[in-house]
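# Summary of the model geometry
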Amino acid sequence: MSHPPLSQYTKLSCHRSNRAAHPERMGVDNVIHSSDWQIVSDIFALVGKYTPESFRTNRLPLLNLPDDVIGALRKGRIEYTKARAIALVKDSSDRSQLLEEAIALDLSLTQIKQRIADLKANSTGEATAPNHSLKSRVDTALQRVKKSKVWDDPKKQKKLEKLLAELEALVGEGLEK
């Protein structure tokens with residue numbers, strides 16, 4: 001039993017989604033035979049995680065990601081939603097750096113999008129870029145502290161406590177004004 005190639009599946013999905021625009025073609029299905037389509041549908045039903053349509057729209061485009069991003073995705077180092085966001089960065093060095101930071105710091109999708117906005121702001125020279133960059137640095141520092149071994153060292157804990165008190169005082173001053 002042979003399975004239809006992926007290109008046929010893509011054509012079929014596009015064909016089926018365009019039927020509303022071309023009702024006169026409703027009875028014509030010359031892209032893939034219905035028995036082949038049934039096999040594809042059965043496989044997706046067996047897997048149960050995706051429908052053929054959601055696979056076509058969400059997962060198939062991942063094949064067009066830049067090589068560095070798709071490599072990390074294939075190795076399971078990053079989730080596909082994060083990979084799609086990182087792939088939006090056009091500059092390959094910025095993208096590689098963001099990819100490595102996202103993996104190393106386990107950045108959330110929101111944090112990745114914030115960093116992408118920071119990169120865009122830096123490239124366009126917007127005046128608000130320092131505020132965004134500072135916020136990103138604070139977020140990153142907090143994540144690194146949570147994951148570090150500072151909790152095991154009493155001297156570092158003492159210093160962290162002092163810095164935290166300064167930070168709380170600074171934030172407290174901003175609220176009183």
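Refer to the structure above for everything that follows.
Residues numbered from 1 in each chain as written. Predicted model: local features only at pLDDT ≥ 70, side-chain atom pairs only at ≥ 80, totals over all residues. Heavy atoms only, no water.

## Considering the nonpolar core
Defined as follows: To define a nonpolar core, start from buried Ala, Val, Leu, Ile, Met, Phe, Trp, Tyr and Cys residues and group those joined through side-chain atoms within 4.5 Å. Buried, partly exposed and exposed residues are distinguished by accessible area as a fraction of the type maximum, computed with a 1.4 Å probe on protein chains only: under 20%, between the cut-offs, and over 50%, respectively. Numbering of helices and strands runs from the N terminus; a helix is a DSSP stretch of H or I covering at least four residues, while a strand is a stretch of E covering at least two.
Leu65, Ile78, Ile86 and Ile112 are the most contacted members of the largest nonpolar core, which totals 20 residues. Counting only elements with at least two residues in this core, the list comes to helix H4 (67-74), helix H5 (80-86), helix H6 (92-105) and helix H7 (109-124). By residue number, the principal contributor to this core is H6, which donates five residues.

## A few points about the packing of H6 against H7
Stated formally: With axes taken as lines fitted to C-alpha atoms, and helix axes fitted only over the stretch in contact, angles between N-to-C directions fall between 0 and 180 degrees. We call two directions roughly parallel when the angle between them is under 35 degrees, roughly antiparallel when it is over 145, roughly perpendicular when it lies between 65 and 115, and oblique otherwise. For any pair of crossing helices, the crossing counts as left-handed if the nearer helix is rotated counterclockwise from the farther one by less than a right angle, and right-handed if it is rotated clockwise. Only heavy atoms enter the contact rule, under which two residues are in contact if any of them lie within 4.5 Å. Three categories are distinguished: nonpolar for Ala, Val, Leu, Ile, Met, Phe, Trp, Tyr, Cys and Pro, charged for Asp, Glu, Lys and Arg, and polar for the others, with Gly belonging to the last.
Viewed as axis vectors pointing N to C, H6 and H7 meet at an angle of 155 degrees, and their least axial separation amounts to 11 Å. In terms of orientation, H6 and H7 fall into the roughly antiparallel class. For the pair H6 and H7, the sense of crossing is right-handed. The residues of H7 that touch H6, namely those facing Asp94, Leu98, Glu101, Ala102 and Leu105, are Ile112, Arg115, Ile116 and Leu119. Across the contact of H6 with H7, the residue classes break down as six nonpolar, no polar and three charged.

## With respect to the environment of Arg144
Structurally, the position occupied by Arg144 is in helix H8 (residues 129-147). By relative accessible area, Arg144 is classed as exposed at 56%. The sequence separation of Arg144 and Ala104 amounts to 40 residues, and the corresponding C-alpha distance is 9.6 Å.

## Concerning the packing of H4 against H6
Here H4 crosses H6 at 20 degrees, and the two axes come no closer than 10 Å. The orientation of H4 with respect to H6, classified from their angle, is roughly parallel. The handedness of the crossing between H4 and H6 comes out as right-handed. Across from Asp68, Val69 and Ala72 in H4, the residues of H6 making contact are Ser92, Arg95, Ser96, Leu99 and Ile103. Classifying every residue of the contact of H4 with H6 gives four nonpolar, two polar and two charged.

## Quick look at the pattern of salt bridges
Using the following cut-off: A pairing counts as a salt bridge when a side-chain nitrogen of Lys or Arg comes within 4 Å of a carboxyl oxygen of Asp or Glu.
If you walk through the whole model with that rule in mind, you get six salt bridges. Its salt-bridge partner being Arg95, residue Asp68 comes within 3.3 Å of it at the nearest N-O pair. Highlighted residues: Asp68 in helix H4 and Arg95 in helix H6, separated in sequence by 27 residues. With its nearest N and O atoms 3.1 Å apart, the salt bridge here joins Glu79 to Lys82. Here Lys82 falls in the buried class, since its relative accessible area comes to 11%. Taken together, the salt bridges that share partners define one network made up of Glu79, Lys82 and Asp106.

## Thoughts on unusual backbone geometry
Although it is not a glycine, Asp106 adopts a positive phi angle of roughly 50 degrees. Relative to the assigned elements, Asp106 resides in the loop between H6 and H7.

Treat this as a map of the structure, not an account of what it does.
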